[in-house]
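Topology and contacts: notes
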Amino acid sequence: MKNRYLKNVATLKLNSDQCRGCGRCLEVCPHNVFIIEDRKSVILDKDRCMECGACVKNCPFNAIEVKPGVGCAYAIIMGWLTGTEPSCDCSGGSGDNCC
């Protein structure tokens, strides 16, 4: 099963200049967001990212950036559990938990 979250809201960024292609991000990512192409990591599908931060914590070259816990993964899970549309509660402004 391929999980997809809210479209175009993930804070995931990859600096390919700093990436050395070690593949650690592929090992730790629970949703297969990354692949290796031309000996470098590449974001395959940013919308699969649940912003858990595992890739950032395990990248020895500091090539990955993400803001874990900003609320989007939580919103998706709560939407699944309650049968409602996901909401990050961003409609009221730009709080810390906003996408």
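Residues numbered from 1 in each chain as written. Predicted model: local features only at pLDDT ≥ 70, side-chain atom pairs only at ≥ 80, totals over all residues. Heavy atoms only, no water.

Focus: the overall build of the chain
Selection criterion: In this description a helix means any DSSP run of H or I spanning at least four residues, a strand means any run of E spanning at least two, and both kinds are numbered starting from the N terminus. Every residue pair with non-hydrogen atoms within 4.5 Å of one another is taken to be in contact. Accessible areas in this description were obtained via Shrake-Rupley with a 1.4 Å probe; residue shielding takes into account the shown protein chains only.
When helices and strands are tallied, the chain shows three helices and four strands. Its helices and strands in sequence order give the chain the pattern β-α-β-β-α-β-α, from N to C terminus. In the chain, once contacts between residues fewer than 6 apart in sequence are set aside, the share between residues at least 24 apart is 52%. A total accessible area of about 6500 Å² is found for the chain, and carbon and sulfur atoms account for 49% of it.

Concerning the pairing of strand E2 (residues 34-37)
Strand residues, when the strand is regular, have side chains that alternate between the two faces of the sheet. Short version of the rule: At least two bridges found by DSSP between two strands is the condition for calling them paired.
As defined by bridge partners, E2 adjoins strand E3 (residues 40-43) across four bridges and the pair is classed as antiparallel. Within the sheet, the bridge partner assigned to isoleucine 35 lies in E3 and is valine 42. In sequence, E2 turns back onto E3 through a hairpin of two residues, with aspartate 38 there showing a positive phi of about 50 degrees.

Looking at the side chain of aspartate 45
Condition: Type-normalised accessible area, obtained with a 1.4 Å probe on protein chains alone, sets the label of each residue: buried when under 20%, exposed when over 50%, and partly exposed for intermediate values. Under the rule applied, a polar contact is a pair of N or O atoms within 3.5 Å (in protein, one hydrogen donor and one hydrogen acceptor; residues adjacent in sequence only if both atoms are side-chain atoms).
Within the secondary structure, aspartate 45 sits in the loop between E3 and helix H2 (54-58). Residue class for aspartate 45 comes out buried when judged on its relative accessible area of 15%. One polar contact links the side chain of aspartate 45 to the main-chain amide nitrogen of aspartate 47, over a distance of 3.1 Å.

Points about the pattern of salt bridges
Rules: What counts as a salt bridge is simple: a side-chain nitrogen of Lys or Arg found within 4 Å of a carboxyl oxygen of Asp or Glu.
In this structure the tally under the stated criterion is two salt bridges. The shortest N-O distance in the salt bridge between arginine 48 and aspartate 45 comes to 3.7 Å. Considered together, arginine 48 and aspartate 45 belong to a single accessibility category, that of buried residues.

Overview of the side chain of aspartate 47
As for its placement among the helices and strands, aspartate 47 is situated in the loop between E3 and H2. Aspartate 47 gets classed as buried once you look at its relative accessible area, which sits at 7%. For aspartate 47, the side chain forms a polar contact with the main-chain nitrogen of asparagine 8, separated by 2.9 Å.

A look at unusual backbone geometry
In this model, aspartate 38 sits at a positive phi of 50 degrees, which is unusual for a non-glycine residue. Examined against the element boundaries, aspartate 38 turns out to sit in the loop between E2 and E3. We classify aspartate 38 as exposed; its relative accessible area is 75%. You will see that arginine 39, though not glycine, has its phi angle at about 60 degrees, which is positive. Mapped onto the fold, arginine 39 is located in the loop between E2 and E3. Overall, the relative accessible area of 73% leaves arginine 39 in the exposed class.

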